[in-house]
Amino acid sequence: MIAIAYGWPDVLVFATAALLIVVGALGVIATRHPVHAALSLIMTLFGVAVAFVAQSADFLAAVEIIVYAGAIVVLFLFVIMFLGVDRDEGTRIEPLVGQRTLAALGAVITVAGLITLMARSHWVTGATSVSTAGVPLAHGSGNVRQLGTAVFTTYLFAFEATAALLIIAVVGAVVLARREQRRDAEDEATSSPSDAPTDLEGSER
Amino acid sequence: MNVPAAWYLVLGAVLFGIGAFGVLTRRSALIMFMCIELMLNAVTLTFVTFARTLSDVGGQATVFFIMVVAAAEVTVGLGIVVAIFRRRASTSVDELSEMKG
């Protein structure tokens, strides 16, 4: 009945995207192994990309795959391998009593609140867009043209600000890595006594 | 005819809830970052859905900027995780309790 109302292809695409997204997200929070969590994250990201294509956001779907699945998840995997933490976290033990119950309760309340908000509010006001002057969103290369026009005219200042943000992030990451290395070298040279308590705590565990 | 926008909005809400549950329960800093990515993706999905519903490409432009900010956030966040791991040999957030009063 649902498929008759909306057409088989669209319902099938939505079902595929929903399945990929939900199964991948559950995999991220359920698997104990960080590498498996990263692979589940890739599954979710592909599902989100499918949902983007189904909603005429073709360019963003490509960016989702290239930037998220291609760069961010690879960065995650690189750090997992680099730190050698690809071992089980031990999710059986629960240090805080009732943490999972309370967290599940909070998540359910959040989702129920969001759905209630969406169901009760009239968010389609009939207002047309400023940037495209009410022209409907285009598929394919037309979407790239529309998005590019919006980014380089209406949102030009924000676009330039992201350039500064990326430079700051890169410099910050380099500084974080370098300063820590230098302090380690000093600690090894002088073996300052302030490190002793932390080492003791570490060995006690 | 496309499926109604409410389906995608509910999907985004569910994804956000799963990500929030993960942030609240997992103790590995790396997996908490992945759950934050899940929540960011839920928000981008909602933005794209509203962009389609309102025929406004501004929602998609916002998602573009969200992705840039997410990339910067992951870079700095993983840098901090690596820096902490060098000092503590652990990525568990339960062991970072020096600022407890």
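Conventions and cut-offs
- Residues numbered from 1 in each chain as written.
- Chains lettered and ligands numbered in written order.
- Predicted model: local features only at pLDDT ≥ 70, side-chain atom pairs only at ≥ 80, totals over all residues.
- Helix = DSSP H or I, 4+ residues; strand = E, 2+ residues; numbered from the N terminus.
- Rg over C-alpha atoms; globule rule 2.2 N^0.38 Å.
- Buried ≥ 20, exposed ≤ 12 C-beta atoms within 10 Å, placed from the backbone.
- Contact = placed C-beta atoms within 7 Å.
- Nonpolar A, V, L, I, M, F, W, Y, C, P; charged D, E, K, R; others polar.
- pLDDT = per-residue confidence, 0-100.
- Axes fitted to C-alpha atoms, helices over the stretch in contact; angles between N-to-C directions.
- Parallel < 35°, antiparallel > 145°, perpendicular 65-115°, else oblique.
- Core = buried A, V, L, I, M, F, W, Y, C linked by C-beta atoms within 7 Å.
- Expected span 1.5 Å × (residues − 1).

Caption draft 1: How the structure looks around the overall build of chain B. A tally of regular secondary structure across chain B gives three helices and zero strands. For chain B, the N- to C-terminal ordering of α and β elements is α-α-α. Whereas a compact globule of 101 residues would reach a radius of gyration of roughly 13 Å, chain B reaches 17 Å, over 25% beyond that. Principal-axis analysis of the C-alpha atoms places the extent of chain B at approximately 55 × 25 × 25 Å. The proportion of buried residues among the 101 residues of chain B is 56%. Restricting the contact set of chain B to residue pairs at least 6 apart, pairs at least 24 apart contribute 48%.

Caption draft 2: Molecular detail of the overall build of chain A. Of the regular secondary structure elements, chain A holds eight helices and zero strands. For chain A, the N- to C-terminal ordering of α and β elements is α-α-α-α-α-α-α-α. Burial statistics for chain A: of 205 residues in total, 24% are counted as buried. Taking all contacts inside chain A whose residues are at least 6 apart in sequence as the whole, residues at least 24 apart take part in 51%.

Caption draft 3: Geometry of the interface of chain B and chain A. At the interface, 66 residues of chain B touch 74 residues of chain A. Broken down by secondary-structure element, the contributors of at least two residues to the side of chain B that touches chain A are helix H1 (5-25), helix H2 (29-54) and helix H3 (58-88) of chain B. Counting residues per element, the side of chain B that touches chain A draws most heavily on H3 of chain B, at 23 residues. Residues of the side of chain B that touches chain A, tallied by class, amount to 44 nonpolar, 15 polar and seven charged.

Caption draft 4: Structural view of the confidence of the model for chain B. When pLDDT is averaged along chain B, the result is 87, and 98% of the positions lie at 70 or above. The ipTM for the predicted assembly is 0.90, set against a pTM of 0.83.

Caption draft 5: Quick look at unusual backbone geometry. In this structure, Ser56 of chain A is a non-glycine residue whose phi angle is positive, near 50°. You can see Ser56 of chain A is positioned in the loop between helix H3 (34-54) and helix H4 (58-83).

Caption draft 6: Local environment of the packing of helix H6 (residues 141-152) of chain A against H3 of chain B. The geometry of H6 of chain A relative to H3 of chain B is characterised by a closest axis approach of 9 Å and an angle of 70° between their N-to-C directions. Taken as axis vectors, H6 of chain A and H3 of chain B run roughly perpendicular relative to one another. Side by side, H6 of chain A and H3 of chain B meet where Leu147, Ala150 and Val151 of chain A of the first sit next to Gly58, Gln60, Ala61 and Phe64 of chain B of the second. Classifying every residue of the contact of H6 of chain A with H3 of chain B by side-chain character gives five nonpolar, two polar and no charged.

Caption draft 7: Representation of the nonpolar core within the structure. Ranked by internal contacts, the top residues of the largest apolar core, which has 68 residues, are Leu15, Leu30 and Met34 of chain B. Counting only elements with at least two residues in this core, the list comes to helix H2 (8-30), H3, H4 and H6 of chain A together with H1, H2 and H3 of chain B. For this core, the element with the most residues is H2 of chain B, which contributes 15 residues.

Caption draft 8: Structural detail: H2 of chain A. When the terminal C-alpha atoms of H2 of chain A are compared, their 32 Å separation across 23 residues agrees well with the 33 Å that a helix rising 1.5 Å per residue should span. Taken together, the buried positions of H2 of chain A are Phe14, Ala17, Leu20, Ile21, Gly24, Ala25, Val28 and Ile29 of chain A. Of the surrounding secondary structure, the elements contacted by the buried residues of H2 of chain A are H3 of chain A together with H1 and H2 of chain B.

Caption draft 9: Looking closely at the environment of Phe64 of chain B. Within the secondary structure, Phe64 of chain B sits in helix H3. In this structure the C-alpha to C-alpha distance between Phe64 of chain B and Val76 of chain B, which are 12 residues apart in sequence, comes to 19 Å. Residues contacting Phe64 of chain B, with those up to four places away along its chain left out, are Leu60, Leu147 and Val151 of chain A.

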